[in-house]
Amino acid sequence: MKTYRIALIPGDGIGPEVIAQGVRALEATAALDRGFRFLWESFSWSCSEYLHTGRMMPKDGLKQLRGFDAIYFGAVGAPSVPDHVSVWELILPIRQQFEQYINLRPARKLMGVQGPLVRQDAIDFVVVRENTEGEYANIGGLLHEGLPEELAVQTSVFTKAGITRAARYAFEVAQSRHHRLTVATKSNAMNYAMPFWDRVIRELSSEYPDVTVDLYHVDALATYFVARPHTLDVVLASNLFGDILTDLGAAVVGGLGLAPSANINPTRHFPSMFEPVHGSAPDIAGKGIANPLAAIWSGVLMLEFLGENSAAARLMTAVEQVLAAGKTRTPDLGGSDGTEAMGTAVIQALTSLYDEGDSKTGFYAGGVVS
Ligand code: GGG
């Protein structure tokens, strides 16, 4: 039997609550599937650890993670620690150092979810966010700190290699879907980096003649996310643009409680990391009411990445059935059920699927291509 070693980093706020349900759902999947098993190792790296030790993760944290098959991450951030400290000492080094240069963020409106839009079109697109450079290059600094002439510099870095590898992945995802790629740019105002970004992508497009490519300024594209999201298939965006657009994408399909993500190292030289798009939500942490479906769906992406496609399909179908049935709903979806009840509902639906022998192989949960 195959064994997958998974590093768990539940993190802060609602992270541990949603990851607990994700682990339950993945454990149930493995038990029902009988073709593989998980070995979990949990790391308490978080803001509370930072307050005790002065570090978000130990000095050799990345070394500790290196040998795992994947990382399952909750959320980072707490009011007691500046966000740029918690993010830059935990999650962003993992993404950068493990060359997880793809951040894959599916946005799909599932049956039974109303969403905020009046038009009830089918919405199903995937954002490929460049994940290791761009606006998150971590290059910059402060000068004259505390003085009247104080200034800050934050440099974006776009490399041909970095753009090419992210774009190539996006083209491949488009080829596995509806062959349409929409690229976020801002070449009118960001007059060095973005014309370069556009040029590299346009040049690469000749290798993918079966994919239609449209480039839109990110502000215009933001309106399309709201006005005509049903026309989107695959969206390629730089690190910051992708981060902002995917929160908007999550909002139009029903909220951050339904937004999964995969930080992928396509070369598999380092582990990839799977996490809900949402943050630690300190306002609802500890209340047991966070929606665990984004975390569970991220687990589905992890199963796909591990090559367990039929197990991934069944777990995703279970999530869909729970939402379509509409009986169990956390407060973000207009209900009053808790995090654990939602996890239990998914596991019950999953168990019925396995009892029925219903195999939905080939199902597409998010577009992990390798
Ligand atoms: N579960 C996701 C999470 O905690 N995200 C915080 C974070 O990584 N923020 C920075 C970013 O993704 O741009």
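On a predicted model such as this, the values are computed, not experimentally measured, just so you know. (Residues numbered from 1 in each chain as written. Predicted model: local features only at pLDDT ≥ 70, side-chain atom pairs only at ≥ 80, totals over all residues. Heavy atoms only, no water.)

### As for the sheet that holds strand β10 (residues 234-237)
Within the open sheet, the ten strands sit side by side as β2-β1-β3-β12-β11-β4-β5-β10-β8-β9. Their pairing is mixed. The open sheet has two edge strands, β2 (36-42) and β9 (212-217), and neither has a second partner. In this sheet, adjacent strand axes meet at a mean angle of 25° when their direction is disregarded. As judged from the three bridges shared by strand β3 (residues 70-75) and strand β12 (residues 272-276), these two strands associate in the parallel manner. In the sheet register, Ala 70 faces β12, and the bridge partner there is Ser 272. Helix α9 (residues 293-305) contacts β1 (2-11), β2, β3, β4 (102-108), β11 (260-264) and β12 of the sheet and is inclined by roughly 155° relative to β12. (Pairing = 2+ DSSP bridges. Helix = DSSP H or I, 4+ residues; strand = E, 2+ residues; numbered from the N terminus. Axes fitted to C-alpha atoms, helices over the stretch in contact; angles between N-to-C directions. Contact = heavy atoms within 4.5 Å.)

### A closer look at the pattern of salt bridges
The tally for this structure, following the rule as stated, stands at twelve salt bridges. Each of the salt bridges in this network shares a partner with another, and the network as a whole consists of Arg 105, Arg 129 and Asp 243. (Salt bridge = Lys/Arg side-chain N within 4 Å of Asp/Glu carboxyl O.)

### Here's the deal with the environment of Lys 186
Looking at where Lys 186 falls in the secondary structure, it is placed in the loop between β8 (180-185) and α6 (193-205). Residue classification places Lys 186 among the buried positions, given a relative accessible area of 17%. The residues touching Lys 186, leaving out its near neighbours within four places in the chain, are Met 194, His 217, Val 218, Asp 219 and Phe 241. Of note is the side chain of Lys 186, whose polar atom sits 3.2 Å from the side chain of Asp 219. (Buried < 20%, exposed > 50% of the residue type's maximum accessible area, 1.4 Å probe, protein only. Polar contact = N/O pair within 3.5 Å; in protein donor to acceptor, adjacent residues only side chain to side chain.)

### Some remarks on the packing of aromatic side chains
Tallied over the entire structure, the rule returns twelve aromatic pairs. Their ring planes at 75° and their centres at 6.0 Å tell us that Phe 158 and Trp 197 sit as a pair that is edge-to-face. Here the residue Phe 158 occupies a position in the loop between β7 (151-157) and α5 (160-176), and Trp 197 occupies one in helix α6, the gap between them amounting to 39 residues. Considered together, Phe 158 and Trp 197 belong to a single accessibility category, that of buried residues. Judged by centre distance (4.9 Å) and plane angle (85°), the rings of Tyr 216 and Tyr 224 are edge-to-face. Here Tyr 216 falls in the partly exposed class, since its relative accessible area comes to 24%. Ring pairs connect the aromatic residues Tyr 4, Phe 36, Phe 38 and Trp 40, which therefore count as one cluster. Across the ring face of Phe 305, the terminal group of Arg 268 is positioned such that the distance to the ring centre comes to 3.8 Å. Positioned over the ring face of Tyr 354 is Arg 314, at 4.2 Å from the centre of the ring. (Phe/Tyr/Trp six-rings, centres within 6.5 Å; stacked < 30°, edge-to-face > 60°. Lys NZ or Arg CZ within 6 Å of the ring centre and 35° of its normal.)

### Looking at the layout of surface pockets
Picture a little ball the size of a water molecule; that probe, rolled over the atoms, points out where space is still empty. Reported here for the largest pocket is a volume of approximately 610 Å³. Residue lining of the largest pocket: 32 residues in total, with Val 87, Arg 95, Tyr 136, Asp 243 and Val 277 positioned closest to the centre. Of all elements in the fold, only β3, α4 (83-97), β6 (134-143), α8 (239-252) and β12 reach the threshold of two or more residues within the lining of the largest pocket. For the lining of the largest pocket, the element with the highest residue contribution is α4, accounting for seven residues. (1 Å grid on protein atoms, 1.4 Å probe; cavity = no way out; pocket = protein on both sides within 12 Å on 5 of 7 lines; lining within 4 Å. Points joined across faces, edges and corners; volume = space filled by probe spheres on them.)

### Some words on the domain arrangement of the protein
Considered domain by domain, the protein is made up of domain 1 (1-108 + 255-370) and domain 2 (116-253). Between domain 1 and domain 2, the contact holds 27 residues from the first and 27 residues from the second. Both faces combined, the contact of domain 1 with domain 2 buries some 2300 Å², and carbon together with sulfur accounts for 57% of it. With its nearest N and O atoms 3.4 Å apart, the salt bridge here joins Arg 105 to Asp 243. Linking domain 1 to domain 2 there are twelve residue pairs in polar contact (both at pLDDT 80 or more). Residue assignment for the side of domain 1 that touches domain 2 shows that the elements contributing at least two residues are α4, β4 and β11. A per-element tally of the side of domain 1 that touches domain 2 places β4 first, with seven residues. Of the residues that constitute the side of domain 1 that touches domain 2, the class distribution is 16 nonpolar, seven polar and four charged. (Domains from an automatic or database assignment. Buried area = accessible area lost by both parts, 1.4 Å probe. Nonpolar A, V, L, I, M, F, W, Y, C, P; charged D, E, K, R; others polar.)

### Brief notes about α8
For α8, spanning 14 residues, the distance from its first C-alpha to its last is 20 Å, which sits close to the expected 20 Å at 1.5 Å a residue. Three or more residues of α8 are buried, namely Asn 239, Phe 241, Gly 242, Leu 245, Thr 246, Gly 249, Ala 250 and Val 252. The buried residues of α8 all sit within an arc of 160° when viewed along its axis, so they share a single face. Two residues or fewer after α8 comes Gly 254, characterised by a positive phi angle close to 125°. (Expected span 1.5 Å × (residues − 1). Arc of directions from axis to C-beta.)

### Comments concerning the nonpolar core
Grouped together as the largest cluster of nonpolar side chains are 92 residues, with contacts concentrated most on Phe 38, Tyr 72 and Leu 236. Each of two domains, domain 1 (1-108 + 255-370) and domain 2 (116-253), supplies a minimum of three residues to this core. Aside from chain neighbours lying at most four places away, what touches Leu 236 is Val 128, Ala 166, Ala 167, Ala 170, Leu 181, Thr 182, Val 183, Ala 184, Trp 197 and Ile 201. (Core = buried A, V, L, I, M, F, W, Y, C linked by side-chain atoms within 4.5 Å.)

### Observations regarding the site of the ligand
Inspection of the region around the ligand gives 13 residues, with Gly 74, Tyr 136, Glu 275, Pro 276 and His 278 positioned closest. Within the backbone of Gly 74, an N or O atom sits 2.8 Å from a nitrogen atom of the ligand. Within the backbone of Pro 276, an N or O atom sits 2.7 Å from a nitrogen atom of the ligand. Isolated, the ligand exposes 360 Å² of accessible area, and the fraction of that covered by the protein chains is 89%. Only β3, α4 and β12 provide two or more residues apiece to the shell around the ligand. Residues of the shell around the ligand, tallied by class, amount to six nonpolar, three polar and four charged. Both domains that meet at the shell around the ligand, namely domain 1 (1-108 + 255-370) and domain 2 (116-253), each give it at least three residues. (Near = heavy atom within 4 Å. Areas by Shrake-Rupley, 256 points an atom, 1.4 Å probe, with all protein chains shown as cover.)

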